[in-house]
Amino acid sequence: MARRSAIMVLAPALLIAVAVPAASGGTVLASSASAAAASPPPTPFSLSGLPAQSRGPSVATTPVTSGTHPSARLSAGSVSTGANVNVIGSNDVVQQATINGVNVFTCNPGKHTAQNETTIASSGSTLVAGANDYRLYEPSENRYDSSGGFYRSADNGLTWTAGFLPGLVRADTAAPGPYESAGDPAVVAGPKGTFWYSNLAFDRTDAANAVAVSRSADGGKTWATHYVVQTPANQGKGLFNDKEWIAADPSDRTGKTAYVTWTQFNGSSSAIVISKTTDGGVTWSAPRRVSDVFTNDQGSTVVVGSSGTVYVTFETFNGSADSVAFAVSTDGGATFTTRLISQINDIPSPLPGATFRDDSFPALALDGSALHVVWSNWNGAHADVVYMRSTDGGATWTSPVTIAGGPGDQFFPWVAARNGTVYASWFNRAGTGDTYSIAGAASTDGGATWTSPATLSTATSNVMAGNQFSYPSCLYNFIGDYSGITVDSKGIGHSLWTDIRPDAFDPASGGADQDPYTATISAP
């Protein structure tokens with residue numbers, strides 16, 4: 001998702017309460033009246049789904065702000081890393097130049113299809129992963145388009161199977177849905193071996209769009225899909241649902257309660273909204289705004305505590321600076337208290353010398369009463385991975401520290417935590433071009449100290465050798481908008497990323513393509 005965009009003119013927005021930075025550097029709550037008195041600036045954020053392959057960044061956008069944070073305290077040990085595994089493996093599909101005598105709108109004939117924008121969750125020895133998966137050919141578009149690809153491992157990541165979520169896209173002839181495309185995948189594990197998988201679904205040929213949630217009650221083997229909201233084509237140009245995330249409620253031991261947050265582009269605003277299900281995803285509550293004053297937002301993540309408390313983070317823009325907004329609800333998502341916990345120095349999109357888009361959306365993880373947040377922060381010359389934590393359910397927060405910095409750029413970080421062990425992984429661009437590797441670090445004391453970063457990927461990814469998008473321009477402009485990491489029951493981290501390396505599964509003449517790869521990371 002490219003952060004700066006031309007302003008969309010749609011419909012007016014609502015306002016109520018806000019948290020704003022205090023002069024001392026903390027946060028204070030402003031009243032509804034004072035917050036609503038000033039007219040908010042129009043949203044600077046752009047849609048991630050619908051124009052994902054029709055928008056090609058050309059030059060780096062100048063960041064609004066820049067700044068540095070002190071380095072995290074280093075722990076004595078170092079992490080160990082595991083083998084790299086191609087999650088889709090032999091299940092990938094070679095793109096055809098012609099289908100039924102028609103020339104396909106593809107930039108990549110003879111090459112495997114792309115999988116990007118990765119997410120992963122763990123329950124027992126089972127891992128379930130997701131990605132934008134372009135293996136399906138959509139006749140109405142005459143192109144290979146994305147759907148909700150799911151990948152399952154019953155042996156903690158050693159071997160994998162691959163499939164598609166049912167009821168999403170028309171091109172899935174085994175279990176067709178109503179839309180041309182689906183993306184923005186998010187996977188989470190819940191009680192009783194359940195997995196939840198949310199997607200944005202939409203048509204590229206009109207403005208119809210939706211938020212979909214698939215649920216598995218058998219450890220990711222089979223899935224049922226329902227829709228949280230569906231905006232018809234005649235309303236879609238005024239209301240677009242984008243960039244969703246999902247959380248299971250561990251306080252409901254039946255495994256039937258979950259929450260979805262997403263960005264609702266409506267008028268000049270892009271507010272974060274939330275919806276809840278208590279019947280396994282069959283029905284969902286009407287979406288309500290997390291904050292009626294923070295309305296220029298994108299990139300939400302949601303988690304739920306053991307007592308049912310709901311926590312949400314997102315990036316918000318107040319007209320002069322970006323911030324991490326943190327919201328908490330103790331009444332099942334009915335009401336939220338929202339405040340700003342740190343400024344974000346948004347990274348350029350694309351990074352100088354790069355061709356692909358990026359972002360600085362914060363990622364959130366929960367471990368008991370401890371909350372962990374990471375994002376990519378511009379220091380004036382490079383992108384760093386910044387981390388902050390709360391040990392009291394978000395009442396207080398540490399100052400941000402840098403856990404990955406130095407030469408080069410660190411971006412698309414994600415974070416996961418379990419029983420006091422915290423893992424983060426991210427993309428590492430060592431130079432100034434379009435190559436990257438994957439790195440990670442760990443903390444065994446709840447985020448107080450961190451190991452030095454270690455490289456997880458065993459090969460360098462070259463964006464210019466992978467899949468092209470934006471037909472007929474055919475640009476190397478998209479590798480997804482985030483990565484994923486989870487912690488299994490043994491305390492081992494599993495990172496999942498978009499990898500672009502030649503491998504044994506590639507067709508002889510096709511070369512490298514975008515594949516989901518995973519590797520373990522183990523704390524000392």
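Refer to the structure printed above.
Residues numbered from 1 in each chain as written. Predicted model: local features only at pLDDT ≥ 70, side-chain atom pairs only at ≥ 80, totals over all residues. Heavy atoms only, no water.

(A) Looking closely at the sheet that holds strand S22 (residues 337-344). One open sheet holds the four strands; their spatial order is S19-S20-S21-S22, and the pairing between them is antiparallel. Bordering the open sheet on either side are strand S19 (297-304) and S22, each of which pairs with just one other strand. Here the strands of the sheet are splayed against their neighbours by 20° on average, with no regard to which way each runs. Strand direction decides the pairing type here: strand S20 (residues 310-317) and strand S21 (residues 322-329), joined by eight bridges, are antiparallel. Residue pairing in the sheet places valine 310 in a bridge with serine 329 of S21. (Pairing = 2+ DSSP bridges. Helix = DSSP H or I, 4+ residues; strand = E, 2+ residues; numbered from the N terminus. Axes fitted to C-alpha atoms, helices over the stretch in contact; angles between N-to-C directions.)

(B) The side chain of threonine 106, seen in detail. Positionally, threonine 106 belongs in the loop between strand S6 (102-103) and strand S7 (115-123). A distance of 2.9 Å separates the side chain of threonine 106 from the backbone nitrogen of asparagine 108, its partner in a polar contact. Leave out the neighbours within four places in its chain, and threonine 106 touches Gln95, Gln96 and Tyr471. (Polar contact = N/O pair within 3.5 Å; in protein donor to acceptor, adjacent residues only side chain to side chain. Contact = heavy atoms within 4.5 Å.)

(C) Spotlight on the environment of proline 413. Counting through the fold element by element, proline 413 comes out in strand S27 (residues 409-418). The spacing of proline 413 and glycine 440 is 27 residues in sequence and 8.9 Å in space, taken between C-alpha atoms. Look past the residues within four positions of proline 413 in its chain and what remains in contact with it is Ala363, Val374, Trp375, Ser376, Val385, Ser425, Trp426 and Ser483.

(D) Structural context of the state of the cysteines. The full count for this structure, using the stated rule, is one disulfide. Paired through a disulfide, cysteine 107 and cysteine 474 show a sulfur-sulfur distance of 2.2 Å. Taking the sign of the S-S torsion, about -85° here, the bridge from cysteine 107 to cysteine 474 comes out left-handed. Remark: cysteine 474 occurs in the loop between strand S31 (461-462) and strand S32 (484-487) and cysteine 107 occurs in the loop between S6 and S7; sequence separation between them is 367 residues. When its relative accessible area of 21% is taken as the criterion, cysteine 474 is described as partly exposed. (Disulfide = S-S within 2.5 Å. Buried < 20%, exposed > 50% of the residue type's maximum accessible area, 1.4 Å probe, protein only.)

(E) Inspection of the environment of threonine 402 at higher detail. Take threonine 402: it is sitting in strand S26 (residues 401-404). A residue is classified by how much of its surface remains accessible, and threonine 402, at 9% relative accessible area, is buried. Considering only alpha carbons, one finds threonine 402 and valine 385, 17 residues apart in sequence, at a separation of 5.8 Å. Those residues in contact with threonine 402 that lie beyond four places of it in its chain are His69, Pro70, Ser71, Ala72, Asp384, Val385 and Val386.

(F) Region of interest: the sheet that holds strand S9 (residues 143-153). Strand order across the open sheet formed by four strands is S7-S8-S9-S10, with antiparallel pairing between neighbours. Because the sheet does not close on itself, it has two edges, and the strands there are S7 and strand S10 (161-164). Neighbour-to-neighbour, the strand axes of the sheet open up by a mean angle of 30°, direction not taken into account. In this sheet, S9 lies alongside strand S8 (residues 126-138) in antiparallel orientation, the contact comprising 10 bridges.

(G) Representation of the packing of aromatic side chains in the model. Applying the stated rule across the entire model yields 20 aromatic pairs. On the numbers, 5.2 Å between centres and 65° between planes, the contact of phenylalanine 411 with phenylalanine 412 is edge-to-face. Each member of the pair phenylalanine 411 and phenylalanine 412 is classed as buried. The interplanar angle of 45° and the centroid separation of 5.4 Å between the aromatic rings of phenylalanine 411 and phenylalanine 427 together place this pair among those described as tilted. Of this pair, phenylalanine 411 sits in strand S27 while phenylalanine 427 sits in strand S28 (residues 421-429); the two residues are 16 residues apart in sequence, bridging distant segments of the chain. For the pair phenylalanine 411 and phenylalanine 427, a shared accessibility class is recorded, and that class is buried. Through pairs of rings, three or more aromatic residues link up here, namely Phe356, Phe411, Phe412, Phe427 and Tyr436. (Phe/Tyr/Trp six-rings, centres within 6.5 Å; stacked < 30°, edge-to-face > 60°.)

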